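Here are the chains, one letter per residue:
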Amino acid sequence: MKSLFDTVSFSCSRIVTQSYSTSFSSAVKMLAPNIRQDIYNIYGFVRLADEIVDSFHDYNKEELFDRFELDLKLALKDKISLNPILNAFQDTVFKYNIPYELIASFMKSMLLDLSKNEYNTKEEYNEYIYGSADVVGLMCLKVFVKGDDALFNELKLSAMKLGSAFQKVNFLRDLKADFEGLNRTYFPNTDLSQLNENSKNEIIKEIELDFEAGFAGIKKLPIEAKFGVYTAYIYYKKLLSKLKSTPSTEIKNARIRVPDYEKVSLLANCYLKYRLNIL
């Protein structure tokens, strides 16, 4: 029965999310049950594409990516895939009418990671951010608004800014791994081998502006999504605060993280503000 295979596929997407990101999966659990699985389905898809270009060093990444892209197109054409992650993703795409151009932009940015090592202009950087992060925020927003096109259009810019903020925080946190392990430089006009406090603070100011715009949209989200998205926002804000207080020399040599005990405290504080309606 197809329904049983769908159930297995959904479980795979949930396992991928929980295995690769404990922080994000914790935030997803704060979403209403009726939309939670679809966010798992989106994350499973983007995580799998990202793993191909970032992690499978002992294999031909280009061939794997081409095969994955072909399987994706067939999944969207046939509304089924024997790849359970793609099968779950296509279900969410059709349920919420997620535009293909969002998916294509994401795949374009992932493909860039196979060949492009640095982004020398703001235009290149913004294009990559749009495809790797902004469109993921828009896919999730499609789920959150459940077909309300007017609300989607109202919150579109905020969702993109929040996606940008999350991605840029990840870039700053993963500076060492990206620069030394993958030989990538995302921030334009920044010599990461000579990263200093001034250049670090310029990056952080940009992220703070993105967070400000993103928060304006969080306050207008439907009740089913607001607490979960707010939880993710607070976690990333805390991570940015830690990066801000960490010397640039240390950021280049260590991966900054939020300890589990702080995550528990943040979650409790988020819940209190949510219940008191003081977001």
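Calculation notes
- The residue count restarts for each chain, going from 1 along the sequence in the order it is written.
- pLDDT decides what is reported in this predicted model: residues at 70 or higher carry local features, side-chain atom pairs at 80 or more are listed and counted, and totals for whole chains, interfaces and linings draw on all residues regardless.
- By convention in this description, side-chain values take in all heavy atoms of the structure and omit both hydrogens and water.
- Excluding any residue in a salt bridge, patches collect residues exceeding 30% relative accessible area, merging like charges within 9 Å and nonpolar Val, Leu, Ile, Met, Phe, Trp and Tyr side chains within 5 Å.
- Using a 1.4 Å probe, accessible areas were evaluated by the Shrake-Rupley method; residue-level cover was limited to the displayed protein chains.
- What counts as a salt bridge is simple: a side-chain nitrogen of Lys or Arg found within 4 Å of a carboxyl oxygen of Asp or Glu.
- Only DSSP runs of H or I reaching four residues or more are called helices, and only runs of E reaching two or more are called strands; each is numbered from the N terminus.
- When accessible area is computed with a 1.4 Å probe and restricted to protein chains, residues below 20% of their type maximum are described as buried, those above 50% as exposed, and intermediate ones as partly exposed.
- Multiply 1.5 Å by the residue count of a helix minus one, and that product is the helix's expected span.
- Arc definition: it is the arc formed by the directions from the helix axis to the C-beta atoms.

Peer 1: So what exactly am I meant to see when it comes to a nonpolar patch on the surface here?
Peer 2: Together, M1, L4 and V8 make up an exposed nonpolar region whose accessible area comes to about 370 Å². As for its position among the elements, L4 is in helix 1 (residues 2-20). Under the relative-accessibility criterion, L4 is labelled exposed at 57%.

Peer 1: Any chance you could explain the environment of E62 here in plain terms?
Peer 2: Positionally, E62 belongs in helix 4 (residues 61-78). The class of E62 is partly exposed, set by a relative accessible area of 42%. It is 17 Å that separates the C-alpha atoms of E62 and V46, two residues lying 16 residues apart in sequence.

Peer 1: What is the right way to read helix 6 (residues 100-112) from this model?
Peer 2: Along an α-helix, residues three or four positions apart point the same way, because every turn accommodates 3.6 residues. The first and last C-alpha atoms of helix 6 sit 19 Å apart over 13 residues, in line with the 18 Å expected at 1.5 Å per residue. Of all the positions in helix 6, only L102, I103, F106, M107, S109 and M110 are classed as buried. The buried residues of helix 6 occupy an angular sector of 160 degrees when the element is viewed end-on, so they sit on one face.

Peer 1: Please explain unusual backbone geometry as it appears in this structure.
Peer 2: For residues besides glycine, phi is generally negative; the peptide bonds are generally trans as well. One non-glycine residue, K79, adopts positive backbone phi at about 60 degrees. By the secondary structure assignment, K79 is in the loop between helix 4 and helix 5 (84-96). Even without being glycine, K146 reaches a positive phi, approximately 50 degrees. If you trace the backbone, K146 turns up in the loop between helix 7 (122-145) and helix 8 (149-173). On the basis of relative accessibility, which here comes to 39%, the residue K146 falls in the partly exposed class.

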